[in-house]
Amino acid sequence: MGLLRGLVSRITTPLLPDDYLHLLNPLWSARELRGVVVNVVPETESAATLVIKPGWGWSAQYRAGQYIGIGVQVDGRWHWRSYSLTSVPTEADSTISITVKATPEGFLSQHLVGGLVPGTVVRLAAPKGDFVLPDPPPEKILFLTGGAGLTPVMGMLRMLHRRDIMTDVHLVHSAPTERDVLFRKELHGLADRHQSLRLHEQFTDTMGMLALDRLDEVVPDWVEREAWVCGPPPMLDAAERVWKAQHLTGKLHVERFSIQLDGAGGEGGTVTFGAGGRTADVDGATTLLEAGEQVGVQMPFGCRMGICQSCVVPLVAGTVRDLRNGTVHVEGDRIQTCISAAAGDCVLGV
Amino acid sequence: MAVTDIKQFAHLTDADVEAIGRELDEMRRDLEESRGARDAAYIRNAIKLQRGLAVGGRAALFASAFPPAWIAGTAMLGLAKIIENMELGHNVIHGQWDWMNDPEVHSSAWEWDTACPSEQWKHSHNFVHHKYTNVVGKDDDVGYGILRVTRDQKWHPVYLAQPLTNALLATFFQYGVALHDLNIKEIRRGRKDPRTTWRQLKQIGRKVGRQIGKDYVLFPLLSGPQFLSTLTANATANLMRNLWSYTVIFCGHFPDGAEKFTVEEFENETPHEWYLRQMLGSANFRAGPVMAFMSGNLCYQIEHHLFPDLPSNRYAEMSQRIRALCEKYDLPYTTGSFTHQYMQTLRTLWKLSLPDRFLTATPDAAPETASEQGGTVQALRRPTQQHRRAG
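Residues numbered from 1 in each chain as written. Chains lettered and ligands numbered in written order. Predicted model: local features only at pLDDT ≥ 70, side-chain atom pairs only at ≥ 80, totals over all residues. Heavy atoms only, no water.

Novice: Would you mind showing me how to read the nonpolar core here?
Specialist: Looking at soluble globular proteins, one finds that nonpolar side chains tend to be buried together. Core analysis: the biggest nonpolar cluster contains 90 residues, and B:Leu24, B:Phe250, B:Phe307, B:Ile322 and B:Leu331 have the highest contact counts within it. With seven residues, the top contributor of residues to this core is helix α4 (residues 67-93) of chain B. Here B:Leu24 is in contact with B:Tyr275, B:Met279, B:Leu306, B:Phe307, B:Ile322 and B:Leu325, once residues within four sequence places are set aside. One finds A:Ala47, A:Phe131, A:Leu160 and A:Phe183 within the second-largest nonpolar core, a separate group that totals 27 residues. (Core = buried A, V, L, I, M, F, W, Y, C linked by side-chain atoms within 4.5 Å. Buried < 20%, exposed > 50% of the residue type's maximum accessible area, 1.4 Å probe, protein only. Helix = DSSP H or I, 4+ residues; strand = E, 2+ residues; numbered from the N terminus. Contact = heavy atoms within 4.5 Å.)

As structure tokens, this is what we get:
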């Protein structure tokens, strides 16, 4: 297959065969991972599961708990976000699913929940993340989740159920009300099926927030359990504090969803050039190009006035602002460093 | 001499220059805000059309021994190559579609169907030419190092061959473009790191190898006994593209009224005067929608030079506002028919092959260039008068 593609690309050069084929069928391209939405299943009032059939080049080798990047085109522009996979990798099923909760300030999550129809073509980024269970799973597990933080754990629970290796699992999930609990019916069904799966639901509107300092009231043996925690940042911070106090940090696995602040994190920040590369603390007026050069990073550059595109690099994480017009760019965008400044901490793919 | 004091040349006050700059900034903002699904659909359709024509042309040429198939195949392939070069390659590499955030239609990833590697093009064109536009001694597109296009360039006996050099450049345009960023002048003077030159040569070699392999080896071989007729068809398609892109590009900065500037002007220039230099240094030609599309909207060269990274499909509507702006400040908006603009270019090229003593006009008031010392904008506004004076 690779050889054939190489040969054919000799006659399609400078393009790839994929560049022609995807015009016939959007899934026939391995150059950019694509998928087509085959189903949109409402989960709660503000959440939906997207079932996606990936195209060429997709590897089914993902693990429950990992996330994927999904790109959708809104008004001509591709926007990228990351969501946990809620499907279980199997031979039989070639589709994948993610569950998205619409947040009031998140225009893209609202679009994903309410604006996608079956047949929509989306872009995909390969599965990533180490918020996964070891194989075989530990004897005693605690899943501590809040809101949409349930999604990666749902992938894990489905995998444990599908492979029939449900060990001693305790799920503690917080949501404002009963109606806001994702997958509620399925969760109770699983708990009925598996004696070893126990469920605690914390309805925070009526019961208040779960106090992690008194976690033993809900899960008496929590210190014996290996824990996977995913939810809003304050909950994760509290968990890290509580586990650290018990010297149990080694048993804690945390998944942080990056939160799109849309530049509202103040101006400037720490810029990292390439994963694990040099860093620079900059103000909101220094261009990323200048910042990189100041710390000795060999930055691509050209006109230094925003017209030639020689300096374009991918924004790996964080947000930056276009100094010309204030446009905020987010993770996944490609940005011109000569006219952009940091809007909070960010990582550039240099 | 070329223009040194752009304000005096254009009869503008500081306040006028600022006001023009502000209006142009505002136009940019308006356009940036209005980019959307309609524009994205435009470029996607252009890509579909281009790839469809390329596939259709290649397919027809599998019967290239049959003359009607040769003609149809060559025409489709030639059109595909022109669209790929002008409306897609040139404009995508400018970053006009980067706002879509689509990695497949992005300046950082696009490689075009021509001998020049897009990375080198980005340097020689997007950076050197678009930043230093028409600054004699800084913009290598002023004559491309081989032609004399203004009396500001010193005459040399080699320019006697200019009519021939020009014809050869037009015929083999893609190779001229491919060698452009090497900057042979700098290499000859020993001012360029040989390692850089070697790296660039290797990059050009690889690209040219693949391009030649495709058009002159693989597709002819695939058509079996029709090897030769497929080869001539592909060569003709490349020639069509070369002649067309050469002509369009030469109409951008070499017709009368596209002024040249001195390094001194550039060094003392404000950002708003940069706009002014782009306006005064570029020339449009009149085109209907089809012609505009085939030229990659470079019939709107003035608009393109003011906003090189804004989507080409919007230049037509922008030209209305730019033209009104020029009227308001009594600035020239250089345009004419395609033939007229190219004939002026050709006349300049042929004429300037001779030393100045055989020419009647002075470097300060010549049709191809003027300066604040000789012809100024007001004089240039009436082309007929200009012609008489130039003799």
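Novice: Looking at this model, I keep getting lost on empty space enclosed by the protein. Mind explaining?
Specialist: Residue and element names in this part refer to chain B. Evaluated as defined, the whole model comprises three cavities of 30 Å³ or more. Considering only enclosed or pocket space, the largest cavity measures out at about 120 Å³ in volume. As for the largest cavity, its lining consists of 14 residues, of which Asn-85, Trp-112, Phe-173, Ser-245 and Ile-249 are closest to the centre. Elements represented by at least two residues in the lining of the largest cavity include exactly α4, α7 (173-180) and α10 (227-253). For the lining of the largest cavity, the residue count by class is seven nonpolar, six polar and one charged. (1 Å grid on protein atoms, 1.4 Å probe; cavity = no way out; pocket = protein on both sides within 12 Å on 5 of 7 lines; lining within 4 Å. Points joined across faces, edges and corners; volume = space filled by probe spheres on them. Nonpolar A, V, L, I, M, F, W, Y, C, P; charged D, E, K, R; others polar.)

Novice: In this structure, what is going on with unusual backbone geometry? I would like to understand it.
Specialist: With the exception of glycine, the majority of residues adopt a negative phi angle, and the majority of peptide bonds are in the trans configuration. A:Pro14 follows A:Thr13 through a cis peptide bond whose omega is 5 degrees. Along the chain, A:Pro14 turns up in the loop between α1 (2-12) and α2 (17-24). Here the residue pair A:Asp135 and A:Pro136 is connected by a cis peptide bond, since its omega of 0 degrees sits within 30 degrees of zero. Position of A:Pro136 among the secondary structure elements: in the loop between β6 (121-128) and β7 (140-146). The phi dihedral of B:Asn101 falls on the positive side, at around 60 degrees, and the residue is not glycine. Looking at the secondary structure, you find B:Asn101 in the loop between α4 and α5 (118-131). Given the relative accessible area of 5%, B:Asn101 is considered buried.

Novice: Looking at this model, I keep getting lost on the interface of chain A and chain B. Mind explaining?
Specialist: By a frequent convention, interface size equals the accessible area lost on bringing the separate parts together. In this complex, chain A contributes 35 residues to the contact, which on the side of chain B involves 42 residues. Taking both partners together, chain A and chain B bury about 3,300 Å²; carbon and sulfur atoms supply 53% of that area. Together, A:Ile11, A:Ile307 and A:Arg334 form the three largest contributors to the area buried by chain A at its contact with chain B, with a combined 18%. At the boundary of chain A with chain B, the tally comes to four salt bridges. With a shortest N-O distance of 3.9 Å, B:Glu104 and A:Arg123 are connected by a salt bridge. Within the residue set of the side of chain A that touches chain B, elements represented by two or more residues are α1, α2 and β4 (77-84) of chain A. Broken down by element, the side of chain A that touches chain B gets its largest block of residues, four residues, from α2(A). Tallied by class, the residues present in the side of chain A that touches chain B amount to 12 nonpolar, 12 polar and 11 charged. (Buried area = accessible area lost by both parts, 1.4 Å probe. Salt bridge = Lys/Arg side-chain N within 4 Å of Asp/Glu carboxyl O.)

Novice: Teacher, can you tell me more about the pattern of salt bridges here?
Specialist: Side-chain pairs of opposite charge can arise whenever the charged atoms involved come near each other. All told, the structure shown has 43 salt bridges over all chains when counted by the stated rule. Between A:Lys140 and A:Glu224 there is a salt bridge, with its nearest N and O atoms 3.5 Å apart. Placement of A:Lys140 in strand β7 and of A:Glu224 in the loop between α6 (204-207) and β10 (226-230) is noted, with a sequence separation of 84 residues between them. The exposure class assigned to A:Lys140 is partly exposed, which follows from its relative accessible area of 25%. The residue B:Asp309 makes a salt bridge to B:Arg28 at a minimum N-O spacing of 2.8 Å.

Novice: What's the story with the pairing of β4(A) in this structure? I'm lost.
Specialist: Every regular strand shows the same layout, with side chains that alternate between the two sheet faces. Residue and element names in this part refer to chain A. Taken across its eight residues, β4 has seven buried, putting it largely inside the fold. Sheet topology places strand β3 (residues 67-74) next to β4; eight bridges connect them, and they run antiparallel. Note on β4: the bridge partner recorded for Val-74 is Arg-77. (Pairing = 2+ DSSP bridges.)

Novice: Whenever I open this one, the packing of aromatic side chains confuses me. Can you help?
Specialist: In this description, a pair of aromatic rings is defined by centroid distance and the angle of the planes. Tallying each qualifying case throughout the model produces 19 aromatic pairs over all chains. A centroid spacing of 5.6 Å and a plane angle of 15 degrees characterise the contact between B:Tyr144 and B:Phe250, whose relative ring orientation is stacked. Within this pair, whereas B:Tyr144 is found in the loop between α5 and α6 (162-171), its partner B:Phe250 is found in helix α10, the two being separated by 106 residues in sequence. The class for B:Tyr144 is buried, based on a relative accessible area of 18%. Considering the side-chain rings of B:Trp244 and B:Phe338, the 5.4 Å spacing of their centres and the 45 degrees angle between planes classify their relative orientation as tilted. Here B:Trp244, found in helix α10, pairs with B:Phe338, found in helix α16 (residues 338-351); they are 94 residues apart in sequence, far enough to count as distant. Three or more aromatic residues link up through ring pairs in this structure, and these residues are B:Tyr144, B:Phe173, B:Tyr246, B:Phe250, B:Phe254 and B:Tyr342. Above the ring of A:Trp78, the side-chain terminus of A:Arg123 is found at 4.3 Å from the ring centroid. (Phe/Tyr/Trp six-rings, centres within 6.5 Å; stacked < 30°, edge-to-face > 60°. Lys NZ or Arg CZ within 6 Å of the ring centre and 35° of its normal.)

Novice: Which parts of the structure should I look at to understand the pairing of strand β9 (residues 197-203) of chain A?
Specialist: All names here are of chain A. The element β9 is extensively covered by neighbouring structure, given that five of its seven residues are classed as buried. As judged from the seven bridges shared by strand β8 (residues 168-175) and β9, these two strands associate in the parallel manner. Counted as the bridge partner of Val-169 is Leu-197 from β9. Running through helix α5 (residues 184-193), the crossover from β8 to the neighbouring parallel element β9 is right-handed. (Right-handed = clockwise from strand over helix to strand, strands pointing away.)

Novice: Sorry if this is basic, but what is going on with the packing of helix α3 (residues 37-60) of chain B against α4(B) here?
Specialist: To characterise two packed helices, one gives the angle between the axes of the helices and the distance between these axes. Residues and elements named next belong to chain B. The interhelical angle for the contact between α3 and α4, taken along N-to-C directions, is 150 degrees, at an axis separation of 7 Å. When the interaxial angle is binned, α3 and α4 end up roughly antiparallel. In this structure, α3 meets α4 at a crossing whose hand is left-handed. Residues Tyr-42, Ile-43, Ala-46, Ile-47, Leu-49, Gln-50, Leu-53, Ala-54, Gly-56, Gly-57, Arg-58 and Ala-60 of α3 lie in contact with α4, whose contacting residues are Ala-69, Gly-73, Met-76, Leu-77, Leu-79, Ala-80, Lys-81, Ile-83, Glu-84, Glu-87 and Leu-88. For the contact of α3 with α4, the per-class residue count stands at 15 nonpolar, four polar and four charged. (Axes fitted to C-alpha atoms, helices over the stretch in contact; angles between N-to-C directions. Parallel < 35°, antiparallel > 145°, perpendicular 65-115°, else oblique. Left-handed = near helix turned anticlockwise from the far one by under 90°.)

Novice: What is the right way to read α7(B) from this model?
Specialist: Think of an α-helix as 3.6 residues a turn; residues three or four steps apart then line up on the same face. If you check which residues of α7(B) are buried, you get B:Phe173, B:Gln174, B:Val177, B:Ala178 and B:His180. Seen from one end, α7(B) has its buried residues packed into an arc of 155 degrees, which puts them on one side. (Arc of directions from axis to C-beta.)

Novice: I would appreciate a short explanation of the state of the cysteines in the present structure.
Specialist: Defined simply, a disulfide is a covalent bond joining two cysteines at their sulfur atoms. Scanning the model with the defined rule gives zero disulfides over all chains in all. Cysteine A:Cys311 remains unbridged, with the sulfur of A:Cys338 as its closest cysteine sulfur at 3.8 Å. You can see B:Cys116 has no disulfide; the closest cysteine sulfur is in A:Cys308, sitting 14 Å from it. (Disulfide = S-S within 2.5 Å.)

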